[in-house]
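Residue-level structural notes
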Amino acid sequence: MEIQSTRFGTVEIADDDVIRFAEGLPGFQECHAWVLLADGRNATLAWLQSVDHAEVAFAVVSPSRYVAGYRLHVARRELEPLEIKDLHAARVLVILGKSGRSLTLNLKAPLVINLDRRLGRQVIANGDLPVQHEVLGPAARKRIA
Amino acid sequence: MLVLSRQRDESIIIGDNIVVTIVDIRGDKVRLGIEAPTEIPVHRREVFEAIQRENLQASRMQPRDVSSLRHAPSTRHAPKDD
């Protein structure tokens, strides 16, 4: 089927590419169907695109790539609807954001996806974690420029 | 808002499957026990609202906003996923 994306235009996806987030995401409770799109320019980056809302997409990365020793701690009840027994069977991704000129990761609320069952949920991790963990600050960005 | 008085170890039931129990009361702090079906998210309100705000902002990110990500310090060198 074809889906519309304001960022990527018309995208052809297979029915079983769709990942269902039964209760949506906080702020996007009406968005239940999503698809992961690879970023053409950056292999470490993907986009979680809403199937039904062309303008809604999140840039996502694997947290362990940017946070050494990353490990998700989450209450078991948070994972039960995903039908996964333990986190090894799941894909964990975090949403990229920005704060001023810094790029940030939302470590407090990672996405956990059961790729086999195509089920996802934005969980709230245990512990004192930031919703904006800086991965690339303005100083570093200036150096690059 | 419905306001109910409860003592320690007493509960309220919401619908037929959500039970909130007063587990402990110490000074101005109350500990609540919540039994709810796992498909009903239960969160501290201020945490939920912070995530909602962050999601709304993050959903507006465009490819140009993240193009500098490849310069971010990575824990790995070879592009490989978990």
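Rules and cut-offs
- Residues numbered from 1 in each chain as written.
- Chains lettered and ligands numbered in written order.
- Predicted model: local features only at pLDDT ≥ 70, side-chain atom pairs only at ≥ 80, totals over all residues.
- Helix = DSSP H or I, 4+ residues; strand = E, 2+ residues; numbered from the N terminus.
- Rg over C-alpha atoms; globule rule 2.2 N^0.38 Å.
- Buried ≥ 20, exposed ≤ 12 C-beta atoms within 10 Å, placed from the backbone.
- Contact = placed C-beta atoms within 7 Å.
- Pairing = 2+ DSSP bridges.
- Axes fitted to C-alpha atoms, helices over the stretch in contact; angles between N-to-C directions.
- Core = buried A, V, L, I, M, F, W, Y, C linked by C-beta atoms within 7 Å.

**With respect to the overall build of chain B**
In terms of regular secondary structure, chain B is built from one helix and three strands. Tracing chain B from N to C terminus, the helices and strands come up as β-β-β-α. For 82 residues, the compact-globule estimate of 2.2 N^0.38 gives 12 Å, and the C-alpha radius of gyration of chain B, at 21 Å, exceeds that figure by more than 25%. With the principal axes as the frame, chain B shows a C-alpha extent of 55 × 30 × 25 Å. Among the 82 residues that make up chain B, the fraction classed as buried is 10%. For chain B, the share of sequence-separated contacts (at least 6 apart) that also reach a separation of at least 24 residues comes to 0%.

**Describing the sheet that holds strand β1 (residues 11-14) of chain B**
All names here are of chain B. One open sheet holds the three strands; their spatial order is β1-β2-β3, and the pairing between them is antiparallel. A single partner strand is all that each edge strand has here, and the edge strands are β1 and β3 (29-35). With direction set aside, neighbouring strand axes in the sheet form an average angle of 25°. Across seven bridges, the pairing between strand β2 (residues 18-26) and β3 is antiparallel.

**Quick notes on the nonpolar core**
Side chains of nonpolar character tend, in soluble globular proteins, to be buried together. Counting residues in each nonpolar core, the largest one holds 45 residues, and the members touching the most others are A:F58, A:V60, A:L96 and A:V112. For A:V112, the contacting residues outside a window of four places in its chain are A:L79, A:L82, A:A90, A:V92, A:G120, A:R121 and A:V123.

Fair warning: the whole summary comes from geometry, so function is off the table for now.
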